[in-house]
Every structure is written in C-alpha cells, then in structure tokens.
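One-letter residues, chain by chain:
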Amino acid sequence: MNIIIRYATTADAESIALLSRQTFYDTFAEYNTSDDMDKFMKESFSMQKLTNEVIAPQNIFLTAFMDNELVGYAKLSTSENPPELGNIAAIEIGRIYAAQKTFGLGVGKSLMLECINAAVKKNKQVIWLGVWEHNQRAISFYSKFGFEKFGEHDFVLGNDVQTDWLMKKIL
C-alpha cells in the first residue's frame, strides 16, 4: 500500500483529534475504567487542545495517509528533557498513532522513519518517548528501531496514575 507522510497544518487538527480519540480508545479502553478514559480523552484530545498543539512552534506533527485517508500521525516536541537526558539536544515523540485497521501495513514504520529523519534534520542527538509499561506491542516496535529504556515516569490517565517507560535512541 502507498503511504504518504506529510507535515500537518492547522487544517488537519480536527482529523488528528478524531484519529487520536479512536486509536487511544482502541488501544487502552479494555485496560482502564470508562470514567478514566472519558476524562482523559476530553482533556487531552479536545479540538481546541489539538489545534493548539498543531500550531505550537515547539511541535511537529507528521501525518500518514493511505488513499487520501488519515490513518496515522506522530507528534514530535522539543520540550524539556527528562532529568536522565541532561542538556543533550533531544526531541520527544509525544505520540505515534496508527489506525488499528492499518496494523502491519507499514504506517507506524513510515511515521517512525520520518520522525528519526526530522530529528536528524534538526541536529538532535537523541530521540526519546514514553510508553506504558504494559504496552508490549509498542515496546517491541520501538525496540526494533533501537530504542532502549532509560527511565520511568508517571502518566495520569483520568484519575489513575500509571507508569511509562522512557525510551531513547541515540542518533
């Protein structure tokens, strides 16, 4: 299948928000209460919040299309490094989401390769991310690209405090 990766614009915010809600729900609903899921999705994936994230200068959104349909996206952010990384030039993959129906078709791989490419173009030395400690599918995916665990941090989903692994790749 032909996957087209492009940089997002504010015009993509609504589609990104809808895809965010669907992919997050598909991945995590069975492991969390409906109250926690509802609270998190309202706070994290509202149209206004996503639009603000897409236009924020510290963020880069990459979108993946198949047959003119948005089927995935990644959010890169030049935010504050976790303490374990110190002051090294780093960029975070805040999200990398693909529609469930596209699993195994190369959407995630295409997005990851473009994330790494974007980080190199920005002269970053490290690309890093947080992943839920129980999301073995994602951990295996990141490991295939050379990411290694370097720490942990709390991730609050609704009212539930969970643990994310911090993983990094040296560029």
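Structure: above.
Not measured: the values here are computed from a predicted model. (Residues numbered from 1 in each chain as written. Predicted model: local features only at pLDDT ≥ 70, side-chain atom pairs only at ≥ 80, totals over all residues. Heavy atoms only, no water.)

Let's talk about the sheet that holds strand E7 (residues 160-170)
Note the following rule: Each pair of strands is called paired provided DSSP finds at least two bridges between the two strands. Secondary structure follows DSSP: runs of H or I at least 4 residues long count as helices, runs of E at least 2 residues long count as strands, and numbering of each begins at the N terminus. Interaxial angle, 0 to 180 degrees, is taken between N-to-C directions of lines fitted to C-alpha atoms, where a helix line uses only the stretch in contact. Note on contacts: a residue pair is in contact if any heavy atoms of the two residues lie within 4.5 Å.
Pairing in this open sheet of 7 strands is mixed, and the strands run E1-E2-E3-E4-E5-E7-E6 from one edge to the other. Of all the strands in the sheet, just strand E1 (4-7) and strand E6 (148-157) have a single pairing partner and so form its edges. The mean inter-strand angle of the sheet, taken between neighbouring strand axes irrespective of direction, is 30 degrees. Taken together, the 7 bridges between strand E5 (residues 126-132) and E7 define a ladder with antiparallel strand orientation. Pairing of Val 126 across the sheet is with Ile 170, part of E7. On the sheet, helix H2 (residues 34-44) packs against strand E4 (90-98), E6 and E7 and is oriented at approximately 100 degrees with respect to E6. Here helix H3 (residues 47-55) sits on the sheet in contact with strand E2 (59-66), strand E3 (69-77) and E4, set at roughly 105 degrees to E2.

Quick notes on the side chain of Gln 162
Basically, it comes down to this: Any pair of nitrogen or oxygen atoms within 3.5 Å is treated as a polar contact; in protein, a donor-acceptor pairing is required on top of that, and neighbouring residues in sequence qualify only through side-chain atoms on both sides.
Structurally, Gln 162 is set in strand E7. Engagement of the side chain of Gln 162 in a polar contact is seen with the side chain of Trp 132, the distance being 3.4 Å. The contacts of Gln 162, once residues within four sequence positions are left out, are Asn 32, Trp 132, His 153, Asp 154, Phe 155 and Leu 157.

A few points about the nonpolar core
Stated precisely, the cut-off is as follows: Residues belong to one nonpolar core when they are buried, are Ala, Val, Leu, Ile, Met, Phe, Trp, Tyr or Cys, and are joined through side-chain atoms within 4.5 Å. Whether a residue is buried, partly exposed or exposed follows from its accessible area with a 1.4 Å probe, protein chains only, as a fraction of its type maximum: under 20%, in between, or over 50%, in that order.
Within the largest apolar cluster, 28 residues are counted, with the highest numbers of intra-cluster contacts made by Leu 76, Ile 93, Val 107, Met 112, Ile 127, Tyr 142 and Phe 147. Ranked by residue count, the leading element in this core is helix H4 (residues 107-121), at 7 residues. Setting aside anything within four residues of it in sequence, one finds Val 107 in contact with Ile 3, Ala 64, Met 66, Val 71, Gly 72, Ala 98 and Thr 102. The next biggest cluster of nonpolar side chains, apart from the first, holds 21 residues, and it includes Ala 8, Ala 13, Val 54 and Leu 70.

Some details on H3
Rule in force here: This arc is built from the directions going out from the helix axis to the C-beta atoms.
Restricting attention to buried positions, one finds in H3 the residues Leu 50, Glu 53 and Val 54. Viewed along the axis of H3, the buried residues span an arc of 100 degrees, placing them on a single side of the element. The secondary structure elements touched by the buried residues of H3 are helix H1 (13-28), H2, E2, E3 and E4.

As for the pattern of salt bridges
The condition that has to hold: Salt bridges are defined as contacts in which a side-chain nitrogen from Lys or Arg sits within 4 Å of a carboxyl oxygen from Asp or Glu.
Counted under the stated rule, the structure contains 6 salt bridges. A salt bridge links Lys 75 to Glu 53; the shortest N-O distance between them is 3.6 Å. Of this pair, Lys 75 sits in strand E3 while Glu 53 sits in helix H3; the two residues are 22 residues apart in sequence, bridging distant segments of the chain. On the accessibility criterion, Lys 75 (13% relative accessible area) is buried. The exposure class of Glu 53 is buried, given its relative accessible area of 9%.

Description of the environment of Asn 87
Inspection of the secondary structure puts Asn 87 in the loop between E3 and E4. The class of Asn 87 is exposed, set by a relative accessible area of 84%. Between the C-alpha atoms of Asn 87 and Leu 129, which are 42 residues apart in sequence, the distance is 16 Å.

Overview of the packing of aromatic side chains
The description of an aromatic ring pair uses the distance of the two centres, along with the angle that the planes make with each other. Quick reminder of the rule: Two rings from Phe, Tyr or Trp (for Trp, the six-membered ring) form a pair when their centres are within 6.5 Å of each other. A pair whose planes differ by under 30 degrees is stacked, one over 60 is edge-to-face, and the rest are tilted.
Enumeration over the complete set of coordinates arrives at 13 aromatic pairs. An aromatic cluster is defined as three or more aromatic residues linked by ring pairs; in this entry it consists of Phe 24, Phe 28, Tyr 31, Phe 40, Phe 45, Phe 61, Tyr 73, Tyr 97, Trp 132 and Phe 155.

Observations concerning H4
Short version of the rule: What a helix should span is 1.5 Å times the count of its residues minus one.
If you check H4, its first and last C-alpha atoms are 21 Å apart, about what 15 residues at 1.5 Å a residue would give, namely 21 Å. The set of residues buried in H4 consists of Val 107, Gly 108, Leu 111, Met 112, Glu 114, Cys 115, Ile 116, Ala 118 and Ala 119. Two residues or fewer past H4, Asn 123 is found with a positive phi of approximately 60 degrees.

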